[in-house]
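One-letter residues, chain by chain:
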Amino acid sequence: MSSVKGPHLTRRRFIVSAACALGAPASAAEPGHALQEWTGRAMGADARIVLAGASPGRAARVFAKLERVLNVVEDHFSLYRDSSLTRLNRTGLLGHPAPAMLAVMRLAGEVHSATGGLFDPTVQPLWLATATSGDVAAARALLGWERVRISEAEIALEPGMQLTFNGIAQGHAADEVASLLKSEGFTNVLIDTGEIAALGARPDGAAWQAAITLPDGREIRRAALSNMALAVSSPSGTLIGGSKAHIINPMGGAPLWRIAAVSAPRAALADALSTAFCLMPRQAVEAALERFPAARLESLS
């Protein structure tokens, strides 16, 4: 089960939070063991993982690996610590970026193209100006994903540009955790790292169920998930600059929807699409989804 709630202050929006239950692999299951729970933070959001049927020792080993995976994600994409992203924003240049960072940037570029530029990680200066009553016009002049130079040798920004991956990195974190747990033999998994990733099925064989709710807590529908991820975005999930939505339209204008929920095989893709869809008319949303046939619009309200 899941609901949406406000994250720690970030550029993002309401995020999905789940009570997670992970089905342990048969080789690890040990009758009589209680559920083993891990809680922590992932890219500014509360995260919770519960292992069913694993011994305390095995759970501790898995949780230690999980923490290392999430720490690597933070090392790449966090805006709140010394990371690859903060160094890039500070100097305008990042040499020999990690393969994971390049993969997320490539996906960001695909979603940027599919959404007509409305998913744009270069929005960070505009977000900061909006949040602090700064010079919005000057900040807007710094935007433009096409101005970011990306190669295996380096990532380079023009002077004054800054990036944020808060609309995709939490999904990436869920994908990385899912990959780790699959490698550890866990096949029926529901993961919450700020976005939801579901593998396999519940212990009763049914698909995992995630409740999609409005910011006021009202449930509007439930999504059945099996080998799929779910992301939920709400512009009013956090207000910045007094009363402004924290999902910023790089082209100007207010968000069009209270909530957008998207499921996809990858949580990073669902995350990015749900962010942009808050800014797009339904016809444009449907056109964007044609570029990602495995993604599905779960709610647009």
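One can find the structure itself at the top, above this paragraph.
### Some details on the pairing of strand E9 (residues 189-192)
Move 1: Side chains Val189 and Ile191 of E9 all project onto a buried face; the interleaved residues Leu190 and Asp192 project onto the opposite face, where all are buried too.
Move 2: Sheet topology note: the E9/strand E10 (residues 196-199) ladder contains four bridges and is antiparallel. Each residue of the ladder has a partner; that of Val189, found in E10, is Leu199.
Move 3: Hairpin geometry of E9 and E10 is characterised by an intervening segment of three residues between the two adjacent antiparallel strands and by a positive phi of about 100° at Gly194.

### Let's talk about the nonpolar core
Move 1: Within the largest apolar cluster, 69 residues are counted, with the highest numbers of intra-cluster contacts made by Leu163, Phe165, Ile168, Leu273 and Phe277.
Move 2: Residues contacting Phe277, with those up to four places away along its chain left out, are Thr115, Trp257, Ala260, Val262, Val285, Ala288, Leu289, Leu297 and Leu300.

### So, the pattern of salt bridges
Move 1: The tally for this structure, following the rule as stated, stands at 12 salt bridges.
Move 2: Ionic pairing is found between Arg81 and Asp75, a salt bridge with its closest N-O pair at 2.7 Å.
Move 3: Arg81 sits in the partly exposed class, given a relative accessible area of 31%.
Move 4: Look at Asp75 and you get partly exposed, because its relative accessible area is 29%.
Move 5: Three or more residues joined by partner-sharing salt bridges are found here, namely Arg58, Lys65 and Glu184.

### Description of the environment of Pro56
Move 1: Tracing the sequence through the fold places Pro56 in helix H1 (residues 56-77).
Move 2: With relative accessibility at 45%, the residue Pro56 sits in the partly exposed group.
Move 3: For the pair Pro56 and Gln36, spaced 20 residues apart in the sequence, the C-alpha separation amounts to 6.6 Å.

### Topic: the sheet that holds strand E6 (residues 93-95)
Move 1: Taken together, three strands build an open sheet; the order of strands is E6-E8-E7 and the sheet is antiparallel. The two strands at the open ends of the sheet, each matched to only one other strand, are E6 and strand E7 (149-150).
Move 2: Against the sheet, helix H2 (residues 84-91) contacts E6 and strand E8 (154-156), and its axis sits at roughly 130° relative to E6.

### A short note on the pairing of strand E11 (residues 208-213)
Move 1: Burial runs high along E11: five of the six residues are buried.
Move 2: Sheet analysis places E11 next to strand E12 (residues 219-225), joined by six bridges and oriented antiparallel. Paired with Thr213 across the two strands is Glu219, which belongs to E12.
Move 3: In textbook terms, the turn of a hairpin is the stretch between consecutive antiparallel strands, and for E11 and E12 this stretch comprises five residues, one of which, Gly217, has a positive phi near 95°.

### Things to note about helix H4 (residues 124-131)
Move 1: In terms of burial, H4 is largely enclosed, as six of its eight residues are buried.
Move 2: After H4 finishes, the residue Ser133 shows a positive phi value of roughly 55°.

### Details of H1
Move 1: The terminal C-alpha atoms of H1 lie 31 Å apart, and with 22 residues this matches the ideal 32 Å at 1.5 Å per residue to within 8%.
Move 2: What H1 keeps buried is the set Arg58, Ala59, Val62, Phe63, Leu66, Val69, Leu70, Val73, Glu74, His76 and Phe77. The buried side chains of H1 occupy one side of the element, clustering within an arc of 155° when seen end-on. Counted as exposed and oriented over 90 degrees from the buried face of H1: Arg61 and Arg68.

### Let's talk about the packing of helix H6 (residues 169-183) against helix H7 (residues 267-277)
Move 1: Where H6 contacts H7, the axes come no closer than 7 Å and their chain directions differ by 165°. Overall, the two elements H6 and H7 adopt an arrangement that is roughly antiparallel. Of the two elements, H6 crosses H7, and the hand of that crossing is right-handed. Between H6 and H7, the contacting residues are Ala169, Gln170, Gly171, His172, Ala174 and Asp175 on the first element and Ala267, Ala268 and Asp271 on the second.
Move 2: Classifying every residue of the contact of H6 with H7 by side-chain character gives four nonpolar, three polar and two charged.

### Some words on unusual backbone geometry
Move 1: Residues other than glycine seldom take positive phi values, yet His96 does so here, at roughly 50°.
Move 2: By relative accessible area, which is 68% here, His96 ends up exposed.
Move 3: Positive phi values are uncommon outside glycine, yet Ser133 reaches one of about 55°.
Move 4: Examined against the element boundaries, Ser133 turns out to sit in the loop between H4 and helix H5 (136-140).
Move 5: For Ser133, a relative accessible area of 64% gives the class exposed.

The rules behind each value
- All chains use their own residue numbering, which begins from 1 and follows the written sequence.
- Local features in this predicted model are restricted to residues whose pLDDT is 70 or higher, and side-chain atom pairs enter the listing and the counts only when it is 80 or higher, whereas totals over whole chains, interfaces and linings include all residues.
- Side-chain metrics in this entry use all non-hydrogen atoms of the structure; hydrogen atoms and water are not considered.
- Working definition: with a 1.4 Å probe on protein chains only, accessible area under 20% of the residue-type maximum means buried, over 50% means exposed, and in between means partly exposed.
- Only DSSP runs of H or I with at least four residues qualify as helices, and only runs of E with at least two residues qualify as strands; both kinds are numbered from the N terminus onward.
- Here, any two strands with at least 2 DSSP bridges between them count as paired.
- Nonpolar cores were defined as sets of buried Ala, Val, Leu, Ile, Met, Phe, Trp, Tyr and Cys residues, with membership established by side-chain atoms within 4.5 Å.
- Whether two residues are in contact is decided by their heavy atoms, any of which lying within 4.5 Å being enough.
- A pair is scored as a salt bridge if a Lys or Arg side-chain nitrogen falls within 4 Å of a carboxyl oxygen belonging to Asp or Glu.
- Where helices are involved, their axes are fitted lines through C-alpha atoms of the stretch in contact, as for all axes, and angles between N-to-C directions lie from 0 to 180°.
- Each helix should span, by expectation, one fewer than its residue count multiplied by 1.5 Å.
- The arc in question is formed by the directions pointing from the helix axis toward the C-beta atoms.
- Angles are sorted into four bins: roughly parallel if under 35 degrees, roughly antiparallel if over 145, roughly perpendicular if 65 to 115, and oblique for all others.
- Each crossing gets its hand from how the near helix is turned against the far one by less than a right angle, where anticlockwise is left-handed and clockwise is right-handed.
- All residues other than Ala, Val, Leu, Ile, Met, Phe, Trp, Tyr, Cys, Pro, Asp, Glu, Lys and Arg, Gly among them, are scored as polar; the first ten of these are nonpolar and the last four charged.

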